[in-house]
Structure formats: structure tokens, C-alpha cells
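A look at the structure
Next come the chains, spelled out residue by residue.
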Amino acid sequence: MKKVKAAFRGIVIFLLCMIEIYPLFWMLTASFKKQAEWSEKPAYALNDGFYFQNYSDAWTRGHMSTFFKNSLITTLVALVFIVFFSVTVGFAVTKMKWKFRNAVAQYFRFGIMIPVAIALIPLFQIYSKTNMLNTRTCLIITYIAFGLSLSIYLVQGYLRSFPDDIMEAAVIDGCGIYRLMWHIVTPLMKNSIVTVLVLQFFFKWNDLLFSMTFISDSALKTVQTGLLYFSDEFGSKNWGAIFASVSMSVFPLLLLYMALNKKLMEGMTAGAVKG
Amino acid sequence: MKKRALAILMAALTASTMLAVPTFAADYSGEDPQLEKNIKILTIWAEDNDNGVLLNKICEDYQKNVNPNFTWEYEMVASDNLQQKIATLAASNDLPDLFAYEAGAPLSVLIDSGKVKDISEAVDEIGTADYLNSGAVELLKGLSGTDDLYDLPLGLNVEGFWYNKALFEQAGCEVPTTWDEFEEVLQKLSDAGIQPLTTGGSDKWGATRLINAYAVRTAGNDIMTKAADGEVPYTDEKLVAAADKLAEWAEKGYFGEGITTVDMNTAGSMLMSGKAAIFYNGSWFTQNLTDDSQNPAGEDGIGFFNIPVADESVSSATSYSMNCGNILALDNDKYDEATGWFLKYFMENIGNLAMEEQGTVKGYTYDVAADDMDGYTKLVLDEIDKSTEGFAWWEAKMPSEISKTAQENVQPLLNGEMTGEEYMQSIQDVYDMQ
Amino acid sequence: MNKVLGNKKAISLFVIPALIVYTIIVMVPVIWSLYYSFFSGSPGLQWEFAGFDNYARLFRDKNFLNALTVNCKYVLVVTIGQVGMGLLLSLMFKFWLRRCKTIVRTLVFFPVVLPTVAVGQLFAKIYEIQPNYGLLNSLLDSLGFTNLVQPWIGQSSTALWALCVMDIWVAMGFYSVIFYGALLDISDDILEAARIDGCGGWQLFKNILLPLLRPMVITSLVFSFSGTVKMFESAMALTKGGPGSATKSLSMYMYDVAFTYNKVGYASVIAIVIFLICVVGSLVINKFDVKD
């Protein structure tokens, strides 16, 4: 009986993993397909051969090398600020004692609820008047501002269950607020920081709307705008090349994430305080 | 009416300023004065594709051969996002010097707000009227409903039915010339177990073009203009019949199952790989046909025929559905003498350049022949030569809200969730609300 | 303790920079668009003061009502689906999984990181019927359910649900990771004690785990809710709002109104509605967050 149960569980988990990995596998096969294969064979069929043309198209026509660099710079800089701000603000509104903390928390929370498209025209005018259009700075600032609400909210969620006695012990040992923050609280928040980091990274990495609206200089454009090079005026799309460039932009990051994730998870479990 | 009144008013205004300060009008007859100028170009064509190549090439030529002080910045956005980008730019008065846009209702909004340069006026000033193809000019004027031209063509396309020759042979079909023959062909193909038609039901415009085809052939080339002007209601029985025709085909299974999920791209591949026999699309489809990795049917596997005629006296066999694709407009405020000089060079040379480089017609005169033209490109040129009259597409004269409705509801029409009458009524409803 | 946590200087240092950036970039444009809502047309294009016309128009607008209905159905199904599936998965990880925990956890997170365009295209191919049967239809076909083969995303009756399945799939891994983190913090002693007391699986979940997980569940619900109310990209990628307007959300309609119809003023009103729905919904969800 126990064995059957274990086998059943194993199968469910296995199926689950398949369901989750399949798209990546599919994307990879799709990136090697010739245009004609899309209609000649079912989409789940394996690629006939390895049509590397898609990759070279993606690399040269999609300007991957430049766009990749730009995406990396804007995303990373924005992330540093998002993590920094969300930890400090999150801590201040959850654990610190002051009059307006709930109001401020609520104020930040509003941001989650704002439909992004509506801010486009006013934002464009702000950047245009301050001469910031077409700079990395304006993109980075936008990313930070629109990433804050969610990140702070997530951090708050973790902090609420953060044990007060640890902080108390630290304060009794003579810790000031800044030391408490950086040496006690932050290391214990690794888990939530990783979540914020990963989630925001991919949100920003996949952004198209902002970068397309605020950046017109091809030397500053980001990865997602590269995909535009494969669809034309009349709706014709070169799917092979699109998936080739998506693969190129996603796989290195996935590997990085997996490596990073394992390390961080280990660190977290080792240092975690069990209640 | 408001539109026309505004246009006249604007024309009068510009005329009066010109009269008042005649010295402002530059003289474009002599040598290019090599003015310093940087122009921004916003398009939907990649630098290495289609019109993107031409625009960059002509800028390069102008800089190299005529005006070394000229520079340009080229930007591309997705065609889906063009309107959003232009709206955002217009909101802060920052339209590019030269930009791609949609002819018809979208451009009319910019014309009414005085955002775009009156091209007729500019052309008179720089003296390049002869370089424009008169057919293209009429088409564009008709689309914006103005006496003056406010945009430049950068394409001249005919549309019609592309068919798979092998499948026609297999079913023993001849190319139809009349609408009745066409219906017979469809039936014959269907009987032979071949899917007769395919279209881009998910892109929607591919399907509305089919309604347009029948509507025009039975009610005249100008039927949609009349409807837009309110002379004929959208619920006119001939228009309803056209919508019903599409529903009937779908009902009979001519499009196979789930046609609303097929995009133009897939539909095109289906034709080329022999999964469907007939596909309505424009002459731009040649770029897929000439690509070996896309076209298993090969160099002579696909043919073209114009929309078959129902009644020669209503709409003739030499009238084609024509369009200029996305057009180019010039920002009114940024237009100056230097732009004028560039425009002069552009208009004088783009026709020849397009013919030499790509073997395509862009709506300008040309006097060269392409070096080595492939069969499909040649086929399209021949069809364009045959045309005596042009008519526009289904949504051309509809303001954006009506056009959106007309496109969205074509899907329920194809699915049988809406009848032809309900479909036309839904369009009429939005029209009445305007 | 209170003295350290009440350090005014530290508080302002922690909060003010973020507050400034956030206010200028997020809140100012929002208030700005509030002002826009009293105008017709788009800034620079037929821009005229219109008073409350845009607000009055809202109630007569059939398309708006349609989008609202679609959006509500979607929110209900997807929010519950995402959080529910996430919870379910996390419980599986905690109680079923013995080996490869990190790998499985990482794997289920994958869909979140894929660009929406890619996910949309993948599902379009799964649901495909023409020119070839996609994964789903082939499966049904080979199992003998030929009458169930249908254009899943091509007909109004199924398109929205097909979209919901996709969006639940995309996000369930993300929520499972969040819940799993919270589950790890629950000490094994509590679970052991409950087991000794004779708690079965369901009772254990209801009486012990759920109360402990409640803050996380509430957080996730709010998060998922505010995401789904703004439904846009995934529907754009899978169905473009079709067939007809069967999967057209408020945000998509707003985008059309603003940029296709050139009516930024009216679009602002729709944006305000979306915002209000979010606020009210979040308040309702938070009502369940009683602190004992």
C-alpha cells in the first residue's frame, strides 16, 4: 500500500515537472524550425533539422548583442534600487514605530492597482519636459518606481511573520538601527529578497511597453524590442527567429538563476530560524 | 462635413500666411543649398527589410551625393504599437519629421488637428508633382477625403486571390473569371476533399477583405465610401448579402475548422504547402512566396487572379482592390526648407531606387527596369499594369471605432454566432453613435 | 527597543527617497490622468474640455459593460485558481517530496520567467485545430473523444476558459514557491503534535496549516487579484481579445480607447474604474485578515 502511494506521488510530481518543463523544451525545438514546418506539421512535432539560420537572424537582425547589454544594464541597476528601497521601506512600515506608517504602506500599495498604460502619456510628457527621453536613466527610474509597490508588499508579507525577539535580543546587545537592519534583518530576509529579485528581474526583462515608448535610439533599446524585427506590416511573423531570440535571452538567465537559486536556498535553510 | 470645413479653413489660413509673407517660400529650382539638418524617421519597417532598406538607402544617397550636412535617425516600432507611439508623441508635440502611419481615418485625425504637412502644397513648392503616380495620389486623397494630399505613398499594392496551382489541377479547376465560376470552383475543390479557402481569421482583416470583395463586385467600387458618407446604410441588403456570403462559406466548411484561430501567416503557409487552395492577400505576399524556406510550392506553384466579376457594369474586371500600405506623413511644425530639399530628392529618386533594388512599385514614377526580377514580382507588376480603377478595403473609410467593430465582429460571423444582418447592424449601431 | 525602532532620522532615510521617486513617477501621472478624464479626444488631437461627459458615457457604453463582465469572470476564476493551485502544489512539495526539492521548486517557477509572447504562442499551438490538431485536440482525438475536438480559442464559449487555464498554469508555480517558503517556517513539532492527536490530512490542513498560512494566503490573493484585474498581456498574446470581444478585458478596452480611438480622456475614466475595482477588491480581501 505504501509503495503504491509513493509511486502515485512520484508520478504526479513527475507529470507536474513535465508540464512545467515542456514549454522550455518546446521553445527550443521551435527555435530550430523552418517557417514552412509551422503549417506542415503539428506544433508539438520535433524540429525536422537544426535550422541555425534562425539564431543568426536573431543575433544580427534582432541586434541581440546591443540589446542584451542594454537590458542587462537597465534591469540590474533598477533591481539594486528596488531591492534596497523595498527592504528599507518594507522594514520601516512594518517593524518601526511611527505615526504615518500605515498610511504610507497603503500609499505604496495603491501602486499595485494602477493600470500601467494610463501613465504612459503623462510620463512621456514629464520625461520630455525634463529632457530625459531616450536615456537609460528614464527607463531605470520608471522600472524602479513601478517595481516598488509590489516588492514592498512582498517584503511586508515576510516581515510580518519575522520574530520580534531576535530584534529585541540584538537591541539588548547594543545594536543601533542601521546595524540591526544590515546585520540582523537583511540576512534573515534572504528568502524574500530572492523572490523580489527574481520576480522583478523577469518583469523588467520582459518589459516592452516602457522601453518602446521612452527609447527611440537603437543603441539604447532593450531585448524585447528586438522581437519586433521579426513581424512585418501585414502581420507576417518569423516564429523561428522569434523563438530563437527568446531562447537566447531566456536560457542564460535560467542557468544563472538555477545556480544562484540553489546556493541561496541552501544558505537560507541553514540560517533559518525555526519558530 | 466638419472635416471638410476644417480642411478648407486650413487651406485658406496657410494660403493667407503665404500671401502675407511671400519671402518665406523658398526657391527650389536651383542647386541644393546643403543646409544643415537632422531628420527623425519613425517607421514600422526594420532597417534591413522592405521599405526600411529603401528609406535608409535614400537618406544615405542624399547625404553622400547631395547634402553632406544632412543626417538622419531611424527608429522602428511594431505596427501594432504605431498608433500608441504616435498618440504619445503628438500629445507632447514631438512628432518625428517623417513617420509611417495609417491612411484613412487615423490620418484624418492628424490632418484635422493640423499636425501633418500638406503634401500638395509642398509638392507645388518644390515642383515634384510629376514624380507621383497619379493613381496612388487619387487613392490617398480618396482615403483621407481631402482635396489636398497629406501623405506620401510608399507602396502600391493590388490585392486578390492567390491559388495553389497543383490543387487546382488535382480538382480539375480553371481560374474563374466570374463570381459564379468562382463559387463553382470552391464547390469543386470542396468535393475533391480539398479545403478551398483559408484566411487570417485571427488577424481579422483578412476575413473582412472577403466581404469587401463580394460587396464591391455586387454593389459597386464606391459602396463603402457611400456607406461612410451616410448615402447608403451599412445595413443595405447588398452589404448584408456580402456578409452572409462569408458566413455561408464558413458554414459550408470552406475554411475548415476554427478559422478564427488562424493568422495570416499560417494561412499563407497553408496555401504554399497545399493545405488550402485559395488565399486572399495583397501583392506584399510575394516576399513570402520568393522565400525558399517558406514556400514549398516553388517558383511557379502559386498563381494569382483578381476578384471574379459578378456584373461587369457594376464593377469591372480591371478594377482592383488597391492600397498604398502604410503611408508616410511629415510633421507640419518641423517642416522647413531643408526638409523640402530632402523631400525633393526623395520624390525624384525613390521610384527608380525601389525598382532597381527590389523590383517594386511604390507609387512614384520610374524609368528603369529591375536587373533580375523573379516570376512572382513580375506577376504583380503585370497585374498593376492591367488595373484601370482601384477601390479600397473594407474598413478604409471607417473611423477607428467603427473599423474596430467591423473587424472584431467578423469572428462571430465566421463562427456562425452572428448573422450577416446582425454583423452589419452592429457596424451601423456604432456609426449612429458617432 | 522602541527607541531604536522609533528613530526618526532612520525612518526618513529609509522611506523618503523611495517615496519621492514613487510619487513623481507613479502617482503624479495618475492624478494627471484624473485631470485628463474631463477632456475629450487626445492631448494635441481634438482636445477639448468635456466636463462630466466621459463619465456619463461610461454607463451607456455596451463595450465597457462587456469588458467589465469578461474581466470579472476572469478575475474570479484565475485568482482562485492561481492561489488554490499554488497552495496545493506547495503542500505536495512539503509532504510528498523527499528528494530533489530544490530542483522541482526551481522547475515549477519556470513559466513565470517566460515572456508572455512565448507562453501565448505555446498555448495557441496547444489549442490549435487548423492546419494541424494541437496537443489537446490530438489527445482528445486519439482517445476517441472526437466530438470534443473543437477550436478552443476560436469560439466565444470556450475562449475565456482556455485563457484562464493558461494564466493559472503560468502563475501557479510562483505561488507554490511563496507558500512553500511559508510552510518551511512552520515547525515540524507542531505537525507532529497534531498527528499524535489524531489529525487526518484534511483536518491538519484546516485546523493547523490554514490559520498559520493565512497572512500569506491573503497577501497572495491581493497580489493575484490586482494582477488579474489588469488582465492585458496574456489575453493579447493568446486571443487578442477575440473571438469578437469574448476575451477583451477592461485594460485592453482602455488601451484601444486611448490609442486606437484617440480618446485619452475617456480612457482615463476607464482607468479610474479599474483602479477603483482594485481598491475595493483589495479592501474586501483584507477584511478576512483578522488579527487575533
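Residues numbered from 1 in each chain as written. Chains lettered and ligands numbered in written order. Predicted model: local features only at pLDDT ≥ 70, side-chain atom pairs only at ≥ 80, totals over all residues. Heavy atoms only, no water.

A short note on the overall build of chain A
The following threshold applies: By definition, any uninterrupted DSSP run of H or I lasting at least four residues is a helix, any uninterrupted run of E lasting at least two residues is a strand, and each is numbered from the N terminus. To sort residues, take the accessible area from a 1.4 Å probe on protein chains only and compare it with the maximum for the residue type: under 20% means buried, over 50% means exposed, and anything in between is partly exposed. Here, two residues are considered to be in contact whenever any of their heavy atoms come within 4.5 Å of each other. Areas reported here follow the Shrake-Rupley algorithm with a probe of radius 1.4 Å; residue values treat only the protein chains shown as occluding. His is not counted here, nor are the chain ends, while Lys and Arg score as positive and Asp and Glu score as negative. All charge positions are set by atom: Lys at NZ, Arg at CZ, Asp at CG, Glu at CD.
In terms of regular secondary structure, chain A is built from 13 helices and zero strands. The N-to-C order of helical and strand elements in chain A reads α-α-α-α-α-α-α-α-α-α-α-α-α. Each principal axis of the C-alpha atoms in chain A carries an extent, and together these give about 70 × 70 × 30 Å. The buried share of chain A, reckoned over its 275 residues, is 58%. For chain A, the share of sequence-separated contacts (at least 6 apart) that also reach a separation of at least 24 residues comes to 73%. Carbon and sulfur atoms provide 68% of the accessible area of chain A, an area that totals close to 11300 Å². Between the mean site of the 25 positive side-chain charges and the mean site of the 14 negative ones, chain A shows a separation of 8 Å.

Description of the sheet that holds strand β1 (residues 37-43) of chain B
Residues and elements named next belong to chain B. Heads up, the condition is: Paired strands, in this sense, are two strands between which DSSP finds at least two bridges. Whenever a helix is involved, its axis is fitted only over the stretch in contact; in every case the axis is a line through C-alpha atoms, and angles between N-to-C directions fall within 0 to 180 degrees.
Judged by pairing direction, the sheet is mixed, and its four strands sit side by side in the order β2-β1-β3-β9 without closing on themselves. The open sheet has two edge strands, β2 (70-76) and β9 (327-330), and neither has a second partner. The sheet shows a mean angle of 25° between the axes of neighbouring strands, direction not considered. Both strand β3 (residues 98-101) and β9 contribute to a ladder of four bridges, which runs antiparallel. Considered in β9, the bridge of Tyr-101 is made with Ile-327. Contacting β3 and β9, helix α4 (residues 105-112) runs over the sheet at an angle of about 140° to β3.

What to know about the interface of chain B and chain A
As a reminder of what qualifies: Put simply, buried area is how much 1.4 Å-probe accessible surface two parts lose in total, over both of them, once they are put together. Any Lys or Arg side-chain nitrogen located within 4 Å of an Asp or Glu carboxyl oxygen qualifies as a salt bridge.
If you look at the interface, chain B gives 39 residues, while chain A gives 29 residues. Summing the contributions of chain B and of chain A, the shared interface buries around 2900 Å²; its carbon and sulfur component is 51%. By the criterion of area lost to chain A, the three top residues of chain B are Met-76, Asn-265 and Ser-293 of chain B, representing 18% of everything that side buries. Connecting chain B to chain A are zero salt bridges. For the side of chain B that touches chain A, the secondary-structure elements that each account for two or more residues are β2, α3 (82-91), α12 (264-272) and α13 (286-289) of chain B.

Observations concerning the UniProt feature "domain: ABC transmembrane type-1" (unreviewed entry) in chain C
Stated precisely, the cut-off is as follows: UniProt positions are given in the numbering used here, feature names are shortened, and annotations may be inferred rather than shown by experiment.
According to UniProt, the feature "domain: ABC transmembrane type-1" (unreviewed entry) maps to residues 68-285 of chain C in the numbering used here. Within residues 68-285 of chain C, the helical portion is 76% and the strand portion 0%, while the C-alpha atoms at the span's ends are 20 Å from each other.

Some remarks on a negative patch on the surface
Residue and element names in this part refer to chain B. So the rule is basically this: Patch membership requires more than 30% relative accessible area and the absence of a salt bridge. Residues of like charge join within 9 Å; the nonpolar side chains Val, Leu, Ile, Met, Phe, Trp and Tyr join within 5 Å.
A cluster of like negative charges, contributed by Asp-292, Glu-299, Asp-372 and Asp-374, occupies part of the molecular surface. Structurally, the position occupied by Asp-292 is in the loop between α13 and β7 (302-305). Judged by relative accessible area, which is 72%, Asp-292 ranks as exposed.

Points about helix α18 (residues 420-433) of chain B
Residues and elements named next belong to chain B. The following threshold applies: Take the residue count of a helix, subtract one, and multiply by 1.5 Å to get its expected span.
Under the 1.5 Å per step criterion, the end-to-end length of α18 is 20 Å for 14 residues, consistent within 8% with the ideal 20 Å. Buried within α18 are the following residues: Gly-420, Tyr-423, Met-424, Ser-426, Ile-427, Gln-428 and Val-430. Tucked inside the fold, the buried residues of α18 contact α9 (205-219), α11 (237-251), α16 (400-408) and α17 (410-415).

Remarks on the UniProt feature "transmembrane region" (unreviewed entry) in chain C
All names here are of chain C. UniProt annotation of "transmembrane region" (unreviewed entry) refers to residues 12-35, 74-95, 107-127, 159-183 and 264-285 when read in the numbering used here. The span residues 107-127 is 86% helix and 0% strand, and its two end C-alpha atoms sit 23 Å from each other. Overall, residues 264-285 shows 100% helix and 0% strand. The separation of its end C-alpha atoms is 31 Å.

Observations regarding α16 of chain B
Judged by how many residues are buried, α16 of chain B sits mostly within the fold: seven of nine residues are covered. When we look at burial in α16 of chain B, the residues that qualify are Ser-400, Glu-401, Ile-402, Ser-403, Thr-405, Ala-406 and Glu-408 of chain B. Check the buried side of α16 of chain B and you find it contacts α4, α9, α17 and α18 of chain B together with α3 (53-60) and α12 (250-260) of chain C.

A few points about the interface of chain C and chain A
Basically, it comes down to this: N or O atoms within 3.5 Å of each other form a polar contact, as long as, within protein, one can give a hydrogen and the other can take it, and as long as residues adjacent in sequence are counted only when both atoms are side-chain atoms. When residues are sorted by character, Ala, Val, Leu, Ile, Met, Phe, Trp, Tyr, Cys and Pro go into the nonpolar class, Asp, Glu, Lys and Arg into the charged class, and all the rest, Gly among them, into the polar class.
Opposite the 87 residues of chain C that make contact, chain A presents 94 residues. Both faces considered, chain C and chain A share a buried interface measuring about 8400 Å² in area, 79% of it formed by carbon and sulfur atoms. Where chain C touches chain A, the interface holds zero salt bridges. Linking chain C with chain A are nine residue pairs in polar contact (both at pLDDT 80 or more). Here the side of chain C that touches chain A gets 22 residues from one element, more than from any other, and that element is helix α2 (residues 8-36) of chain C. When its residues are assigned to classes, the side of chain C that touches chain A shows 62 nonpolar, 17 polar and eight charged.

Focus on the nonpolar core
In plain terms, the rule: For this analysis, a nonpolar core means a set of buried residues of the types Ala, Val, Leu, Ile, Met, Phe, Trp, Tyr and Cys, connected via side-chain atoms within 4.5 Å. Where each domain begins and ends follows an automated or database-derived domain assignment.
Phe-91, Met-96 and Phe-214 of chain A together with Ile-278, Phe-346, Trp-394 and Tyr-423 of chain B are the most contacted members of the largest nonpolar core, which totals 353 residues. When residues in this core are grouped by element, the largest group, 19 residues, is from helix α8 (residues 156-184) of chain C. Mapped onto the domain boundaries, this core takes at least three residues apiece from domain 1 (2-156 + 324-366) and domain 2 (159-321 + 393-433) of chain B. In this view, Phe-214 of chain A contacts Leu-120, Leu-123, Phe-124, Tyr-127, Leu-133, Asn-134, Cys-138, Leu-139 and Thr-142 of chain A; residues no more than four positions away in its chain are not counted.

Quick notes on the environment of Asp-48 of chain B
In this fold, Asp-48 of chain B is placed in the loop between β1 and α2 (50-66). The partly exposed category is assigned to Asp-48 of chain B, whose relative accessible area is 40%. Along the primary structure Asp-48 of chain B and Lys-188 of chain B are separated by 140 residues, whereas in three dimensions their C-alpha atoms are 43 Å apart. Filtering out sequence-adjacent residues up to four positions away, Asp-48 of chain B remains in contact with Arg-61 of chain A together with Val-53 of chain B.

Brief notes about the pairing of strand β2 (residues 45-49) of chain C
Residue and element names in this part refer to chain C. Note: strand β1 (residues 39-42) against β2, three bridges, orientation antiparallel. From the neighbouring strand, Phe-39 faces β2, where its bridge partner is Phe-49. Between β1 and β2, which pair antiparallel one after the other, the connecting turn spans two residues, and Gly-44 there sits at a positive phi close to 85°.

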